[in-house]
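# Results of the structural survey
Below are the chains, spelled out letter by letter.
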Amino acid sequence: SAQQRALDFVITLNPDPCGEDPYDIQRYVAAVFYYSTGGDNWGNSGNYLSSEDECYWDGILCNDDDLITSIIHNQNNLVGTLPEELQHLPKLLRIELDD
């Protein structure tokens, strides 16, 4: 599942991701978004699923506290369903996915 693949990814970067760190949670949610929307087949997956902070992944914008505020992936060949986990991004204000 997208959730298992995302968890596996987060664990490779942080072997103890079970804490309440909001940054681990948002990295997990961003990875679930990637897998749920066919990220492996996106036209531009940029640096998704890299060790780079998720605020620097293409199409993700964050506020000054490094919390995700926007996900913008226009014309990027997204397919699938938006994951419920997006509700765990408390500062997310905008999702733009035009194709």
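Residues numbered from 1 in each chain as written. Predicted model: local features only at pLDDT ≥ 70, side-chain atom pairs only at ≥ 80, totals over all residues. Heavy atoms only, no water.

## Topic: the nonpolar core
Filter applied, for reference: Working definition of a nonpolar core: buried Ala, Val, Leu, Ile, Met, Phe, Trp, Tyr and Cys residues. They are joined through side-chain atoms within 4.5 Å. Exposure categories follow from relative accessible area, calculated using a 1.4 Å probe and restricted to protein chains: below 20% of the type maximum is buried, above 50% is exposed, and the middle band is partly exposed. Helical segments are the DSSP runs of H or I of at least four residues, strand segments are the runs of E of at least two, and each set is numbered from the N terminus. Whether two residues are in contact is decided by their heavy atoms: any pair within 4.5 Å suffices.
With 21 residues, the main nonpolar core has Phe33, Tyr48, Ile68, Ile71, Leu86 and Leu89 as its most contacted residues. Looking at this core, the elements that each hand over two or more residues are helix H1 (2–13), helix H2 (22–36) and strand E2 (68–72). No other element matches the 7 residues that H2 contributes to this core. Sequence-distant contacts of Ile71, defined by excluding residues within four places in its chain, comprise Phe33, Gly59, Leu86, Leu89, Leu92, Arg94, Ile95 and Glu96.

## Focus: the pattern of salt bridges
The condition that has to hold: Any carboxyl oxygen of Asp or Glu within 4 Å of a side-chain nitrogen of Lys or Arg constitutes a salt bridge here.
Inspection of every chain in the model, using the stated rule, returns 3 salt bridges. Among the salt bridges present, the one from Asp40 reaches Arg5, with a minimum N-O distance of 3.0 Å. Highlighted residues: Asp40 in the loop between H2 and strand E1 (60–62) and Arg5 in helix H1, separated in sequence by 35 residues. The exposure class assigned to Arg5 is partly exposed, which follows from its relative accessible area of 40%.

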